[in-house]
Amino acid sequence: MSDVTTPRFRSVLDRFVAYKPGKVVVSPDGRSFKLSSNESPHGPLPSVLEAIGEAARSVNRYPDNNATALIDAIAGHCGVPADHVAVGCGSVGVSQMLLEAVAEPGAEIVYAWRSFEAYPLLVALSGATSVQVPLREETHDLTAMAGAISERTRLIFVCNPNNPTGTVVGRAEIEAFLDRVPEDCLVVLDEAYREYVRDDEVPDGLELYGDRPNLVILRTFSKAYGLAGLRIGYLVAHPLVAGAIRKTFLPFSVNAVAQAAGIASLAATDELLARVEGTVKERDRVRGALLADGWTVPPTEANFVWLRLGERTMEFSEACDAQGVSVRPFPGEGARVSIGSPEENDAFLAVARAFPHRG
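Residues numbered from 1 in each chain as written. Predicted model: local features only at pLDDT ≥ 70, side-chain atom pairs only at ≥ 80, totals over all residues. Heavy atoms only, no water.

## Here's the deal with the sheet that holds strand S8 (residues 233–236)
Line of reasoning, step 1. In spatial order, the strands read S2-S8-S7-S6-S5-S3-S4; together these 7 strands make up an open sheet with mixed pairing. Strand pairing shows two members of the sheet lacking a second neighbour, strand S2 (85–88) and strand S4 (129–134), which therefore form its edges. Within this sheet the neighbouring strands show an average axis-to-axis angle of 25°, counted without direction.
Line of reasoning, step 2. Where S2 meets S8, 4 bridges bridge the pair, whose relative direction is antiparallel. Paired with Ala 86 across the two strands is Leu 235, which belongs to S8.
Line of reasoning, step 3. In the packing of helix H2 (residues 68–78) onto the sheet, contacts are made with S2 and S8, and the angle to S2 comes to roughly 125°. (Pairing = 2+ DSSP bridges. Helix = DSSP H or I, 4+ residues; strand = E, 2+ residues; numbered from the N terminus. Axes fitted to C-alpha atoms, helices over the stretch in contact; angles between N-to-C directions. Contact = heavy atoms within 4.5 Å.)

This is the structure in structure tokens:
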């Protein structure tokens, strides 16, 4: 009997490890604190819930494929023309759109490592080659990243604040880096956590792209705006770039409910950012408590903290799991811990305090 013939898949799948979302764990006494996915601890505001409910009445119809009202709202919020904006299915979806526009076999994509874990997956699927530049003191080494650029480099991701370390690079360093990047190479400033930044030295990307046609600003509604479950991301760039990226948009991939929720969220920005301020205060409290307990925790401008644990990472993650606290471990490296509600944060701090980490 002949061997069974299987469909032919791309060779990249033989070495591909799919993205694994943050898990949910439960302690023996039934407690569960999910601090593994950098989500907002708050549900949608009443005005946003109302918009979601109203939009849900019409889900038998396709959404506006051009997302016109949403793009107009984003443009107004950012103070840019509408033709500078493109939207997608979360910032991950927009990142994929960017790669579909520039990547191909033989092309290189540069990014720091460790950084956002979706980057290598998206690059591998695009057919391009990843060029990973090690972090320096837990943050981007932009000098080394500039040195890694070759004639094959098509796009560079700069995650600021960086996920999972929470660290940032400042205006002078970013501008010096941008000055070294060839004009035909895109730089994507991934600002998924921009709303949590309180360091005045960190520039708002929207203030940088005006005279830099190769700079793209990437943002999301998943974090500060608390719409992770609806998947809305967007970019701001010069119209030539934004227009090219819009060509790669998967039809109807930003659904009608998401579009309505995004518009309503932007209308309630002040109220939402008041919630963000609470998360920032909790972030500072959590980091301060960890430092007081003898942990080494890099300064963070995001809604999470980073613990460099090395070979003890999974041991720490298991200790958290046992108490119903889910964190995001990166085996052999460290753990990222999202900032949740005060109760959730206290549960995490209790585990961290009990874990033997000194010496």
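Still to come is the rest of the account.
## With respect to helix H7 (residues 239–246)
Line of reasoning, step 1. Within H7, the full set of buried residues consists of Val 241, Ala 242 and Ile 245. The buried side chains of H7 occupy one side of the element, clustering within an arc of 95° when seen end-on.
Line of reasoning, step 2. Summarising the contacts, the buried residues of H7 are in contact with S2, helix H3 (90–102), strand S6 (186–190), strand S7 (215–220) and S8. (Buried < 20%, exposed > 50% of the residue type's maximum accessible area, 1.4 Å probe, protein only. Arc of directions from axis to C-beta.)

## Regarding the packing of aromatic side chains
Line of reasoning, step 1. Using the criterion set out here, one finds 13 aromatic pairs in the structure.
Line of reasoning, step 2. A ring pair is formed by Trp 295 and Phe 355, whose centres lie 6.4 Å apart and whose planes are at 20°; its orientation type is stacked. Here Trp 295, found in the loop between helix H9 (269–292) and strand S9 (304–308), pairs with Phe 355, found in the segment after helix H11 (342–354); they are 60 residues apart in sequence, far enough to count as distant.
Line of reasoning, step 3. Judged by its relative accessible area of 8%, Trp 295 is buried.
Line of reasoning, step 4. The exposure class of Phe 355 is buried, given its relative accessible area of 6%.
Line of reasoning, step 5. Relative to Phe 330, the ring of Trp 306 has its centre 5.9 Å away and its plane inclined at 55°; by these criteria the two rings are tilted. On the criterion of sequence distance, the pair formed by Trp 306 in strand S9 and Phe 330 in strand S11 (residues 328–330) is long-range, its members being 24 residues apart.
Line of reasoning, step 6. What makes Phe 330 buried here is its relative accessible area of 5%.
Line of reasoning, step 7. These aromatic residues form a ring-pair network of at least three members: Tyr 111, Trp 113, Phe 116, Tyr 119 and Phe 157.
Line of reasoning, step 8. The ring of Phe 304 has Arg 336 lying over it, and the distance from NZ or CZ to the ring centre is 5.9 Å. (Phe/Tyr/Trp six-rings, centres within 6.5 Å; stacked < 30°, edge-to-face > 60°. Lys NZ or Arg CZ within 6 Å of the ring centre and 35° of its normal.)

## Brief notes about helix H1 (residues 46–56)
Line of reasoning, step 1. Buried within H1 we find Val 48, Ala 51, Ile 52 and Ala 55. Looking straight down H1, one finds that the buried residues subtend no more than 100° of arc, so they occupy a single side. Residues Pro 46, Glu 50 and Glu 54 are exposed on H1 and point more than 90 degrees away from its buried face.
Line of reasoning, step 2. Of the surrounding secondary structure, the elements contacted by the buried residues of H1 are helix H8 (256–267).

## Here's the deal with the pairing of S9
Line of reasoning, step 1. Within S9, 4 of the 5 residues are buried, which leaves the element mostly enclosed by the surrounding structure.
Line of reasoning, step 2. Pairing of S9 with strand S12 (residues 334–338) involves 5 bridges; the strand directions are antiparallel. When the bridges of S12 are listed, Val 305 appears paired with Val 337.

## Details of empty space enclosed by the protein
Line of reasoning, step 1. Summed over the entire model, instances satisfying the criterion amount to 3 cavities of 30 Å³ or more.
Line of reasoning, step 2. Approximately 80 Å³ is the volume found for the largest cavity.
Line of reasoning, step 3. In terms of lining residues, the largest cavity is bounded by 15 residues, among which Ser 40, His 42, Ala 224, Gly 226 and Arg 275 are the most central.
Line of reasoning, step 4. Its residues assigned to classes, the lining of the largest cavity comprises 8 nonpolar, 5 polar and 2 charged. (1 Å grid on protein atoms, 1.4 Å probe; cavity = no way out; pocket = protein on both sides within 12 Å on 5 of 7 lines; lining within 4 Å. Points joined across faces, edges and corners; volume = space filled by probe spheres on them. Nonpolar A, V, L, I, M, F, W, Y, C, P; charged D, E, K, R; others polar.)

## Points about the side chain of His 140
Line of reasoning, step 1. Mapped onto the elements of the fold, His 140 is located in the loop between S4 and helix H5 (142–147).
Line of reasoning, step 2. Take His 140: its relative accessible area is 1%, and that puts it in the buried class.
Line of reasoning, step 3. One polar contact links the side chain of His 140 to the main-chain amide nitrogen of Cys 159, over a distance of 3.3 Å.
Line of reasoning, step 4. Not counting the four nearest positions on each side in its chain, His 140 is found in contact with Ala 112, Ser 115, Leu 135, Met 145, Phe 157, Val 158, Cys 159, Asn 162, Val 169 and Glu 173. (Polar contact = N/O pair within 3.5 Å; in protein donor to acceptor, adjacent residues only side chain to side chain.)

## Quick word on the packing of H9 against H11
Line of reasoning, step 1. At a closest axis distance of 11 Å, the pairing of H9 and H11 adopts a crossing angle of 15°. By the angle between their axes, H9 is roughly parallel relative to H11. For H9 against H11, the interelement crossing comes out right-handed. Across the interface between the two elements, Glu 282, Arg 285, Val 286, Ala 289 and Leu 290 of H9 pack against Pro 342, Asn 345, Asp 346, Phe 348, Leu 349 and Ala 352 of H11.
Line of reasoning, step 2. Across the contact of H9 with H11, the residue classes break down as 7 nonpolar, 1 polar and 3 charged. (Parallel < 35°, antiparallel > 145°, perpendicular 65-115°, else oblique. Left-handed = near helix turned anticlockwise from the far one by under 90°.)

## Quick word on the packing of H1 against H8
Line of reasoning, step 1. One way to put it is that H1 packs onto H8 with a least axis distance of 8 Å and a crossing angle of 155°. For the element pair H1 / H8, the angle class is roughly antiparallel. Relative to H8, the crossing made by H1 is right-handed. Packed against H1, whose contacting residues are Ser 47, Val 48, Ala 51, Ile 52, Ala 55 and Ala 56, the element H8 presents Ala 256, Val 257, Ala 260, Ala 261, Ala 264 and Ser 265 at the interface.
Line of reasoning, step 2. Grouping the amino acids of the contact of H1 with H8 by side-chain chemistry returns 10 nonpolar, 2 polar and no charged.

Don't take any of this as a statement about function, it's just geometry.
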